[in-house]
There are 2 protein chains.
Amino acid sequence: MAARTSVDPRTIRTLALLAGLPSATREEVIASGRLRELPHDTRIFGQGERAGRAHALLAGCVRISQVGSDGEEILVRLIGAGEIFGCVPFLTDGLYPADATAMVDSVEISWDPADLLALMRRQSQVAINMAGIIGKRLGEAQERLRELATQSAERRIARTLLRLLEQAGCRDDEGVRIAFPLRRKDIADIAGTTLHTASRTLAEWDRRRLLVSRNQHLTIVSEAELRRIAERTAD
Amino acid sequence: MAARTSVDPRTIRTLALLAGLPSATREEVIASGRLRELPHDTRIFGQGERAGRAHALLAGCVRISQVGSDGEEILVRLIGAGEIFGCVPFLTDGLYPADATAMVDSVEISWDPADLLALMRRQSQVAINMAGIIGKRLGEAQERLRELATQSAERRIARTLLRLLEQAGCRDDEGVRIAFPLRRKDIADIAGTTLHTASRTLAEWDRRRLLVSRNQHLTIVSEAELRRIAERTAD
């Protein structure tokens, strides 16, 4: 299978979910998972469906989105290589809370939830890793909620870009490129602002050469200046 | 100690964190924890401090709040009897992300994080329970973020009350009383709206006898009508 060859074997061995496991156990977990190619635009699961698999991404990126009551789609999170997704439902109500779609050609490994639960019982480190990963995401969600209540849209957009940089930044000639393809609407969603405000702010930062926007990809040229904006108290 | 007698012994045995454990293990976990009375207004921990203990509440209620960049306090979550709090940091960066304050006379049990981690290693069910509890809170935080992006303030306030009802509702003569003492500002914070809008909406619902507000306590008289408002699509 062509896509398998594009999976960096190191990724599969550096999944945060498997951190701290003896390598024999790690190999066993990997062997019990199912590899699957996800061509661009593949719908991996849908909001409200029974969570039949627990997933981790090995290559590419996945968009987790929800449809609001008015039918509008909201971006919940972007998943990069090495991250788990759709892994909370088998610990809670058994239903996927959101849609997952491959944003580019991607590869995932997934497990039967019963197998993953059995593994967590046998290897408590996997359960501890899972709690830590989910706890980190809870912290981020609470940070976003707090920002919405207290910070200007400009600061929220700066913080959103810095979080994406930490999650999926790759250094290149111009600066640090965010590996996710990003529409301005996505950035507006994550920052909790309007498309209009996000577009205006990003265009202004592009003009000031804080960042370069090209083919739905953002490269942060001046991380220091972005950090300054993110930390700035109310003007 | 007076307060200890006010702890319902069933609460300590029905902590979600200890669900599914053999009773001998549950007793061992309880014995390894430290019981502490928390008189009204006790500051249990502070934002940015090293997380020296992992906590669960046995009686009373605790307010988890953060101070925003403008110095204004934001309510993150209310913790009721049987719930854990301040348990994520020892799985992530080791620092409490928020302040915790007893809202009424309360009692907690807390553990040394190293002891709790050792327990999670030994008893994977505790780690699995922890992941499930944190996962449920992540789902709620994401729901709040989605509501902020897509729903009217009125619907968000209705949903906030319904979630508090589920978390801490006690049936009484008038309806279902929310056990937490709630200021209108708290409800505004959780619903992500202004004090003005929350006050106006609650006053209107009080006038319509959907709820009764008395001494910082809310009793929901018509849960069905509140649910209708919460489900209503944009007018």
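On a predicted model such as this, the values are computed, not experimentally measured, just so you know.

### Let's talk about empty space enclosed by the protein
To find leftover empty space, one rolls a probe the size of a water molecule over the atoms. Residues and elements named next belong to chain A. Scanning the model with the defined rule gives one cavity of 30 Å³ or more in all. Around the largest cavity sit Arg 144, Glu 147, Leu 148, Arg 156, Thr 160, Arg 163, Ile 190 and Ala 191, which together line it. Of all the secondary structure elements, the ones that give two or more residues to the lining of the largest cavity are α5 (124-150), α6 (153-168) and α7 (184-191). In terms of residue class, the lining of the largest cavity is made up of three nonpolar, one polar and four charged.

### Details of the domain arrangement of chain A
All names here are of chain A. Here chain A is partitioned into domain 1 (2-146) and domain 2 (152-231). For domain 1 versus domain 2, the separation of C-alpha centres amounts to 25 Å. Listed as interface residues are 17 residues of domain 1 and, on the opposing side, 13 residues of domain 2. Of the roughly 1,200 Å² buried between domain 1 and domain 2, counting both surfaces, carbon and sulfur atoms make up 53%. When the buried surface of domain 1 facing domain 2 is broken down by residue, Leu 75, Leu 78 and Arg 144 rank first, second and third, together holding 41% of it. Taken together, domain 1 and domain 2 are joined by two salt bridges.

### With respect to the UniProt feature "domain: HTH crp-type" (unreviewed entry) in chain A
As annotated by UniProt and renumbered to match this structure, "domain: HTH crp-type" (unreviewed entry) occupies residues 151-224 of chain A. The span residues 151-224 of chain A carries 53% helix and 19% strand; its end-to-end C-alpha distance comes to 19 Å.

### A look at the pairing of strand β4 (residues 61-67) of chain B
All names here are of chain B. Extensive coverage of β4 is indicated by the burial of six of its seven residues. Two elements, β4 and strand β5 (residues 73-80), share seven bridges in a ladder whose sense is antiparallel. Counted as the bridge partner of Ile 64 is Arg 77 from β5. The pairing of β4 with strand β7 (residues 99-102) spans four bridges and is antiparallel. Across the sheet, the residue bridging to Val 62 is Ala 102, located in β7.

### Examining the nonpolar core
Counting residues in each nonpolar core, the largest one holds 58 residues, and the members touching the most others are Met 130 of chain A together with Met 130 of chain B. When residues no more than four places from it in sequence are discounted, the contact partners of Met 130 of chain A are Leu 17, Ile 84, Cys 87, Phe 90, Leu 91, Leu 116 and Met 120 of chain A together with Ala 131 of chain B.

### Let's talk about helix α6 (residues 153-168) of chain B
Residues spaced three or four apart along an α-helix point in a common direction, a consequence of the helix completing one turn every 3.6 residues. Counted at 1.5 Å a residue, the expected span for α6 of chain B with its 16 residues is 22 Å, and the 22 Å between its end C-alpha atoms agrees. Counted residue by residue, α6 of chain B has 13 buried out of 16 residues, so it is predominantly covered.

### Some thoughts on the relation of the copies chain B and chain A
After a rotation of 180 degrees and a shift along the axis of 0.0 Å, chain B superposes on chain A with an RMSD of 0.1 Å. Taken together, the turn and the small shift mark the pair as related by a two-fold rotation axis. Comparing interface residues between copies, 100% of those in chain B also sit at the interface in chain A, which points to an isologous, same-surface contact.

### Some thoughts on the interface of chain B and chain A
Interface size is commonly expressed as the accessible area that is lost once the parts come together. Each partner contributes residues to the interface: chain B has 36 residues there, and chain A has 36 residues. Summing the contributions of chain B and of chain A, the shared interface buries around 3,100 Å²; its carbon and sulfur component is 70%. Between chain B and chain A we count zero salt bridges in total. At the surface where chain B touches chain A, the tally comes to six residue pairs in polar contact (both at pLDDT 80 or more). Where the side of chain B that touches chain A is concerned, the elements lending two or more residues are β4, β5, α4 (113-122) and α5 (124-150) of chain B. When the residues that make up the side of chain B that touches chain A are grouped by side-chain class, the tally is 17 nonpolar, twelve polar and seven charged.

Analysis parameters
Residues numbered from 1 in each chain as written. Chains lettered and ligands numbered in written order. Predicted model: local features only at pLDDT ≥ 70, side-chain atom pairs only at ≥ 80, totals over all residues. Heavy atoms only, no water. 1 Å grid on protein atoms, 1.4 Å probe; cavity = no way out; pocket = protein on both sides within 12 Å on 5 of 7 lines; lining within 4 Å. Points joined across faces, edges and corners; volume = space filled by probe spheres on them. Helix = DSSP H or I, 4+ residues; strand = E, 2+ residues; numbered from the N terminus. Nonpolar A, V, L, I, M, F, W, Y, C, P; charged D, E, K, R; others polar. Domains from an automatic or database assignment. Contact = heavy atoms within 4.5 Å. Buried area = accessible area lost by both parts, 1.4 Å probe. Salt bridge = Lys/Arg side-chain N within 4 Å of Asp/Glu carboxyl O. UniProt positions renumbered as here; feature names shortened; annotations may be inferred. Buried < 20%, exposed > 50% of the residue type's maximum accessible area, 1.4 Å probe, protein only. Pairing = 2+ DSSP bridges. Core = buried A, V, L, I, M, F, W, Y, C linked by side-chain atoms within 4.5 Å. Expected span 1.5 Å × (residues − 1). Least-squares fit on C-alpha atoms with pLDDT ≥ 70 in both. Polar contact = N/O pair within 3.5 Å; in protein donor to acceptor, adjacent residues only side chain to side chain.

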